[in-house]
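Secondary and tertiary structure notes
Now for the letters of each chain:
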Amino acid sequence: MTRNRLAVSLLFLMNGFVTGSWAPKIPEFKDRLGISESVLGLLILMFGIGSLVLMPIAGGFIARVGSQKVVKVTAILLSPLLLLLTLLPNVWAAAVGMFLLGGFVGAMDVAMNANAVEVEKSMRRAIMSSCHAYWSLGGLIGAGIGGFLMARFGVLPHVLVVTVLSLTVIAIAWPMILADQPHPAATKEKLRLPMTPLPWLIGIMALFSMVPEGTVLDWGALYLRNELGASVELSGFGFAAFSATMATMRFAGDHVRDRFGAKRTLRICTVTALVGMVLAGLAPNAYIAILGFAIAGIGISNMVPIAFSAAGNMPGLQPGIGLSVATFMGYSGMLFAPSLIGFVAEHTGFAIIFASVPVLFIVVLMLSHHAHHADHAKGH
């Protein structure tokens, strides 16, 4: 674990921690503003719009000044945003707050991934799967302690703790973050959308792998609380269990893929995720639902890294182009689908949604033969 690798791992941990801390806050946020599921869905849509607006802007700044400067600025701006959301007085202010939260989660995500790529180059070995594992670990800590802190000490102390811990992690990482060179030539290259179907098919795999992740993050706590009668403390454990198994499997992900190959790994993961989500949707109580989310986390953990790996290693296509299609489609699914689910859930309830979302995994299974491109990464 070099200093640069430790720094970028801490940044992933901190971003995941803020995102995970948001999950158990959602029921309280909804009650405090006195809004319906569909209005909450619109606010979650603002989170998605914020991400998709600020992610490419962050990419432009990274090309001009390097990822180190961008990741430092975005991390500091992200730290107090949950505190800000807790103090906002009405829905309109909350919409702006959600735009900023989504924007800086997304912008920091781009910058820390870019920094991780530079660290990989400097170390000449893959670290991306473990970086994403640290993100999931952060999500687990955030979601796990969130319900506990809110139930014991209240809403404001919880977000103050999140802000202080986030700034502390940034302070530790700060002097060790790899200083990379900007790539001004990259901004001059015209990004043309690929005309061949393959990048788009892999993009659909990424999209359908990430929609369920966004659904658990944004609606898991509300489902456990409102439909399965979970306490404030217990409702945060849906996303926590999901993050725990996801982090564990991502730490092991590279070894599993080397052993079984990307295609077989993806198929096993997809079936596991399908079983977990169906179990969560049909669960008679909160504990069985949390078990379902944990099983789904095992499956989803390596579906997305395999899709992204395949996208970056397609024959006859620049890695950046395939990857930009897959990341844009994947993240838009994670960011926008949950808001649509809010509208549907108001009429159907969440149980049927969690039981129906796995239909998307059947499509991933049908496209899974394309995952063999991910194995080309070993050849580079």
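Refer to the structure presented above.
Residues numbered from 1 in each chain as written. Predicted model: local features only at pLDDT ≥ 70, side-chain atom pairs only at ≥ 80, totals over all residues. Heavy atoms only, no water.

Things to note about the overall build of the protein chain
We apply this condition: Helix and strand definitions follow DSSP, with helices as H or I runs of at least four residues and strands as E runs of at least two, each counted in order from the N terminus. Atoms considered for the radius of gyration are the C-alpha atoms alone. The globule rule reads 2.2 Å times the number of residues to the power 0.38. Classification of residues uses two cut-offs on accessible area relative to the type maximum, computed with a 1.4 Å probe and protein chains only: under 20% is buried, over 50% is exposed, and between them is partly exposed. Working rule for contacts: check all heavy atoms of both residues, and any pair within 4.5 Å makes them a contact.
Counting its regular elements, the protein chain contains 18 helices and zero strands. The C-alpha atoms of the protein chain give a radius of gyration of 19 Å, which matches the 21 Å a tight globule of 380 residues would have. For the C-alpha atoms alone, the extent of the protein chain along its principal axes is close to 50 × 45 × 35 Å. Split into buried and exposed, the 380 residues of the protein chain put 57% on the buried side. Contacts spanning at least 24 positions in sequence make up 85% of the contacts within the protein chain whose residues lie at least 6 apart.

Remarks on a nonpolar patch on the surface
Put simply, the rule is: Any residue with relative accessible area above 30% and no salt bridge may belong to a patch, with like charges joined within 9 Å and the nonpolar Val, Leu, Ile, Met, Phe, Trp and Tyr side chains within 5 Å. The Shrake-Rupley method, run with a 1.4 Å probe sphere, supplies the accessible areas, and residue values consider only the shown protein chains as cover. Take a side-chain nitrogen of Lys or Arg and a carboxyl oxygen of Asp or Glu: if they are within 4 Å of each other, that pair is a salt bridge.
Residues Ile49, Val53, Ile57, Phe61 and Val65 make up a contiguous nonpolar surface patch of about 380 Å² in total accessible area. Looking at the element boundaries, Val53 is found in helix H3 (residues 37-65).

What about the side chain of Arg250?
As a reminder, the rule being used: For this count, His and the chain ends are skipped, Lys and Arg are scored as positive, and Asp and Glu as negative. Polar contacts, as used here, are pairs of N or O atoms within 3.5 Å; protein pairs need one atom able to donate a hydrogen and one able to accept it. Residues neighboring in sequence count only if both atoms are side-chain atoms.
For Arg250, the location among the structural elements is in helix H12 (residues 237-260). Of the side chains with opposite charge, Glu213 lies nearest to the buried Arg250, which makes no salt bridge, at 4.5 Å. At a separation of 3.3 Å, a polar atom in the side chain of Arg250 contacts the side chain of Ser136. Polar side-chain contacts of Arg250 include one of 2.8 Å to the backbone oxygen of Ser301.

As for the nonpolar core
Selection criterion: Only buried residues count toward a nonpolar core. Its members are Ala, Val, Leu, Ile, Met, Phe, Trp, Tyr and Cys residues joined through side-chain atoms within 4.5 Å.
Membership of the largest hydrophobic core comes to 115 residues, with the highest contact counts inside it found for Phe29, Leu78 and Leu101. Sort the elements by how many residues they give to this core and helix H10 (residues 197-226) lands first, with 14 residues. Once residues lying within four places of it in the same chain are set aside, the contact partners of Leu101 are Val18, Trp22, Phe47, Leu78, Leu81, Leu82 and Leu85.

What about the packing of aromatic side chains?
Formally: Between the rings of Phe, Tyr and Trp (Trp by its six-membered ring), a pair exists once the centres lie within 6.5 Å; its type follows the angle of the planes, with under 30 degrees stacked, over 60 edge-to-face, and the other angles tilted.
Tallied over the entire structure, the rule returns six aromatic pairs. Summarising the aromatic geometry, the rings of Tyr134 and Phe251 are spaced 5.2 Å apart at their centres and angled 90° between planes, so their arrangement reads as edge-to-face. Residue Tyr134 is located in helix H7 (residues 128-153), and its partner Phe251 is located in helix H12; the two are separated by 117 residues in the primary sequence. According to the relative accessible area criterion, Tyr134 is partly exposed, its value standing at 22%. A network of ring pairs unites the aromatic residues Tyr223, Phe293 and Phe354 as a single cluster.

Some words on the environment of Ala310
With respect to the helices and strands, the residue Ala310 is situated in helix H15 (residues 303-311). Looking at Ala310, the relative accessible area reads 0%, which means it is buried. When the C-alpha positions of Ala310 and Val39 are compared, they lie 37 Å apart, and in sequence the two are 271 residues distant.

Thoughts on the pattern of salt bridges
Applying the stated criterion across every chain yields a total of four salt bridges. We note a salt bridge from Lys25 to Glu28, for which the minimum N-O separation is 3.1 Å. As far as the burial class goes, Lys25 and Glu28 line up, both buried. As a salt-bridge pair, Asp31 and Arg225 come within 4.0 Å of each other at their nearest N and O atoms. Linking Asp31 in helix H2 (residues 26-33) with Arg225 in helix H10, this pair joins segments that are 194 residues apart in sequence. You can call Arg225 partly exposed: its relative accessible area is 26%. Look at the salt bridges and you will find they share partners, linking Lys25, Glu28 and Arg32 into a network.

Side note on the packing of H2 against H10
Put simply, the rule is: Convention adopted: a line fitted to C-alpha atoms gives each axis, helices being fitted over their contacting stretch, and angles between N-to-C directions are expressed from 0 to 180 degrees. For classification purposes, an angle smaller than 35 degrees is called roughly parallel, one larger than 145 roughly antiparallel, one from 65 to 115 roughly perpendicular, and anything else oblique. Residue classes follow a fixed rule: Ala, Val, Leu, Ile, Met, Phe, Trp, Tyr, Cys and Pro count as nonpolar, while Asp, Glu, Lys and Arg count as charged, and any other residue, Gly among them, counts as polar.
It is at 8 Å that the axes of H2 and H10 come closest, and there the two elements cross at 75°. Judged by the inter-axis angle, H2 sits roughly perpendicular to H10. In this structure, H2 uses Ile26, Pro27, Glu28, Lys30 and Asp31 to contact H10, whose residues at the interface are Leu217, Asp218, Ala221, Leu222 and Arg225. Grouping the constituent residues of the contact of H2 with H10 by class yields five nonpolar, no polar and five charged.

Examining helix H8 (residues 155-173)
Which entries qualify depends on this criterion: What a helix should span is 1.5 Å times the count of its residues minus one. This arc describes the spread of directions from the helix axis toward the C-beta atoms.
Between its terminal C-alpha atoms H8 stretches 28 Å, which fits the 27 Å expected from 19 residues at 1.5 Å a residue. Buried within H8 are the following residues: His158, Val159, Val162, Thr163, Ser166, Val169, Ile170 and Ala173. Along the long axis of H8, the arc covered by the buried residues comes to 135°, so they all point the same way. Turned more than 90 degrees away from the buried face of H8, the exposed residues are Val164 and Ala171. In this structure, the buried residues of H8 make contact with helix H1 (3-22), helix H4 (67-78), helix H5 (81-87) and H7.

Description of the environment of Ala116
Within the secondary structure, Ala116 is located in helix H6 (residues 91-123). Sequence separation between Ala116 and Ile127 is eleven residues; the distance between their C-alpha atoms is 7.4 Å. Those residues in contact with Ala116 that lie beyond four places of it in its chain are Val8, Phe12, Ile127, Met128 and Cys131.

So, the state of the cysteines
The following threshold applies: The disulfide criterion is simple: two cysteine sulfur atoms within 2.5 Å.
A full pass over the atoms with the stated rule returns zero disulfides. Just so you know, Cys269 is unpaired, no disulfide at all, and the nearest cysteine sulfur is the one on Cys131, 19 Å from it.

That's the geometry; what it means functionally is another story.
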